[in-house]
Amino acid sequence: MTAAGEERRVQEAVRRHARTRAFTEAEDAISAVLSDPRVQEARDRVEAAETELGRELCGHFQPFQDRYDQAVAEGDADGLAGLCAGKHGH
């Protein structure tokens, strides 16, 4: 192998090692942050809020879901297009 080829091989190995080390360090940092009790508590609060909002919105959007389900079952493309009164229904 030529000197230039050997140098290129070493540089590639160094790049791979640096990339692997950077990913390992990032994964360690992410794991440390996610395992923090305050982060877990915040995640639990966000999930509870999302669940509550989902329940509140379910009643509002259920008629759209029902019409969608019926249009899909019947293969009604015009019905699907007309579900949304906004830009999609035009």
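Residues numbered from 1 in each chain as written. Predicted model: local features only at pLDDT ≥ 70, side-chain atom pairs only at ≥ 80, totals over all residues. Heavy atoms only, no water.

### Focus on the overall build of the protein chain
How we decide: A run of DSSP states H or I qualifies as a helix once it reaches four residues; a run of E qualifies as a strand once it reaches two. Both are numbered from the N-terminal end. We call a residue buried when its accessible area falls under 20% of the maximum for its residue type, exposed when it is over 50%, and partly exposed in between, using a 1.4 Å probe and counting protein chains only. Residue burial considers only the protein chains on display, and all accessible areas are found by Shrake-Rupley using a 1.4 Å probe.
Along its length, the protein chain carries 3 helices and 0 strands. Listing the helices and strands of the protein chain from first to last along the sequence gives α-α-α. Dimensions along the principal axes, computed over C-alpha positions, put the protein chain at roughly 70 × 40 × 25 Å. Within the protein chain, the proportion of its 90 residues that are buried is 3%. In the form shown here, the protein chain has an accessible surface area of approximately 7,700 Å², with 58% of it arising from carbon and sulfur atoms.

### Brief notes about the packing of aromatic side chains
Using the following cut-off: Aromatic pairs are defined between Phe, Tyr and Trp rings, using the six-membered ring for Trp, whenever the two ring centres lie within 6.5 Å; interplanar angles under 30 degrees are classed as stacked, those over 60 as edge-to-face, and all others as tilted.
Under the criterion given, the structure shown has 1 aromatic pair. Aromatic pair phenylalanine 61 and phenylalanine 64: ring centres 6.2 Å apart, planes at 45°, arrangement tilted. Linking phenylalanine 61 with phenylalanine 64, this pair stays in helix α2 (residues 37–74), spanning 3 residues, or about one helical turn. Given a relative accessible area of 44%, phenylalanine 61 falls into the partly exposed group.

### Comments concerning α2
Test applied: The angle between axes fitted to the seven residues ending at a residue and the seven residues starting there is what we call the bend at that residue. Definition of a polar contact: a pair of N or O atoms within 3.5 Å, with one able to donate and the other able to accept a hydrogen when the atoms are protein atoms, and with sequence-neighbouring residues admitted only if both atoms are side-chain atoms.
For α2, the principal kink sits at phenylalanine 61 and spans about 50°; a proline, proline 63, occurs within the next four residues. By the N-cap criterion, in which a side-chain oxygen at the helix start approaches the backbone nitrogen of a residue two or three places on, α2 is capped by aspartate 36, the distance to arginine 38 being 2.7 Å. Just past α2, the residue glycine 75 takes up positive phi, approximately 65°.

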